[in-house]
Amino acid sequence: MKSKQQGLLRFESSRPATDFSYQTDLAFSDYLAFAYQYILAKNPRASMPCPIFTDTYQHLVKQQQRTSTPNIVDLIAPFELRQNNNHKAVLLIHGLTDSPFTYHDLAQIYFQQGYTVRTLLLPGHGTAADALSNINAKQWQQATAYAIKRTVKDFDQVILGGYSTSAALLLNYLTVQPVDSKIKALMLFSPATEPHNKNGWLAKWIDRIPFINWIDKDADIDFAKYESFPFNAATAADDAMHSIALSTLIKRPLPNLPIFSVMSDVDTTIDTRASLQLLTALHDVKARPANRLDTLVYYGDATKITRDFPDDYTLLNPQCKSSTCKNIHGISHIAVVNSPNNPYYGIADVYRNCGSYLDDDALYKLCKTTKTPNIGERTAENIAAFPTFQRLTYNPYFTEQAHYIKQFIKQVEGFQGNQ
């Protein structure tokens, strides 16, 4: 509560730090070293001990890329899980307010399939929330372009994966220029298409009003993700999504890549209907013969899927069959990437997302401390139905999702082999 009231963790350290040039001739190892040092310089908590041991972190220790006693910087810095070859890699890019810790669980799935796993830290992330007051979508696009081009240069086959805002960044990149033949597939997790709040475009105008800088002011105790949210961040995200608006996208060449997507029917961050419309537009057999491998993992009521959604789309709609999911009220936007076994965001409940009660200290405290939290997506119906409501931070269907990803990768590799 003290952190929430004082807001000290919202602001970067004042230590000077240089920017990365994102030139393709710079090795990815140079980028990783830069990002690590940048976080150390600008994140006020970077050197704090943080004993969170994910499977990915333990792999990084074995590969002598991290120490056996992690600090915060070790967990949130971009990483590379390396195979002993340069045959195939997956590049995973996190979403708005997040860090590469987002991919500690998903990285294992790709690594087990023989892929080197690379992650990127988007500009304005990994330090403190006020850093998002000084960035724009073009900076994200530049960083994304570097990571893609560098990975294509280093490997024979590449899969691209984007969560939330980075899904829009990847789609924009793949539709504004010819796609390198080494890129084999696109995987989108809670893809950002249109905000659920249709007033997001107003953020850029509100941000110009003196002394009005923040949409949300939270405690920022989540070491891996910003909790506070400046208006400029909404502006940049809106610009990123606008770059893949349907009216724009249908005028561009579509990439002939299989697309794997994951989304929830009750996502309160992104408009699921808009995301379904985007997938429908991309599923063009003339432009994309590879569309026969297009796959959607849809959490929730499949009857809500729009009627014009393609009949030949592979639709996977897992149903609750265990105690892990039966008391969960909807899969949230932020839940899809994390395993229930995640030692921080998982079922062990180390961290609780209680951002629905920023204006009510009593309910905020109750949400953080109650022994029987109600969990799911923070829909208006759920907030009204329960005394306090915690936003779900893990995916109860993660095991099924891992199976779907492996199945899709095998299909992609088979499809490429038959061409």
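Residues numbered from 1 in each chain as written. Predicted model: local features only at pLDDT ≥ 70, side-chain atom pairs only at ≥ 80, totals over all residues. Heavy atoms only, no water.

Under the annotation held in an unreviewed UniProt entry, the protein chain carries the name Alpha/beta fold hydrolase and is attributed to Pseudoalteromonas neustonica.

Caption draft 1: Geometry of the sheet that holds strand β8 (residues 259–264). Spatial ordering of the open sheet is given by β1-β3-β2-β4-β5-β8-β9-β10, a layout of eight strands whose pairing is mixed. Single-partner strands in this sheet number two, and they are β1 (80–81) and β10 (314–316). For strand β9 (residues 295–299) and β10, the ladder comprises three bridges, and the chain directions are parallel. Note that in β10 the partner of L296 across the bridge is L315. (Pairing = 2+ DSSP bridges. Helix = DSSP H or I, 4+ residues; strand = E, 2+ residues; numbered from the N terminus.)

Caption draft 2: Up close: the side chain of T370. Tracing the backbone shows T370 in the loop between α13 (361–369) and β12 (374–376). By relative accessible area, T370 is classed as buried at 16%. With near-sequence residues (within four places) excluded, T370 lies in contact with R352 and T388. (Buried < 20%, exposed > 50% of the residue type's maximum accessible area, 1.4 Å probe, protein only. Contact = heavy atoms within 4.5 Å.)

Caption draft 3: Local environment of unusual backbone geometry. Even without a glycine there, the phi angle at Y22 is positive, about 55°. Here Y22 shows up in the loop between α1 (2–6) and α2 (28–42). In this structure, D349 is a non-glycine residue whose phi angle is positive, near 70°. With respect to the element layout, D349 can be found in the loop between β11 (328–329) and α13.

Caption draft 4: Seen up close, the pairing of strand β5 (residues 183–189). Among the seven residues that make up β5, seven are buried, leaving the element largely enclosed by the rest of the structure. Note: strand β4 (residues 157–163) against β5, six bridges, orientation parallel. Paired with I159 across the strands is A185, a residue of β5. Read as a crossover between parallel neighbours, the route from β4 over helix α7 (residues 165–175) to β5 is right-handed. The sheet contact formed by β5 and β8 spans four bridges and is parallel. Residue pairing in the sheet places M187 in a bridge with F260 of β8. (Right-handed = clockwise from strand over helix to strand, strands pointing away.)

Caption draft 5: A look at the state of the cysteines. In total, this model carries two disulfides according to the counting rule given. The disulfide bridge from C320 ends at C325, spanning 2.1 Å between sulfur atoms. The chirality of the disulfide connecting C320 with C325 is right-handed, given an S-S dihedral of about 100°. The partly exposed category is assigned to C320, whose relative accessible area is 37%. Two residues, C354 and C367, share a disulfide whose sulfurs are 2.1 Å apart. Across the disulfide from C354 to C367, rotation about the S-S bond amounts to roughly -80°, and the bridge is consequently left-handed. A residue pair is termed long-range when its members are at least 10 positions apart, and C354 in the loop between β11 and α13 and C367 in helix α13 qualify at 13 residues. The residues C354 and C367 share a single accessibility class, namely buried. (Disulfide = S-S within 2.5 Å.)

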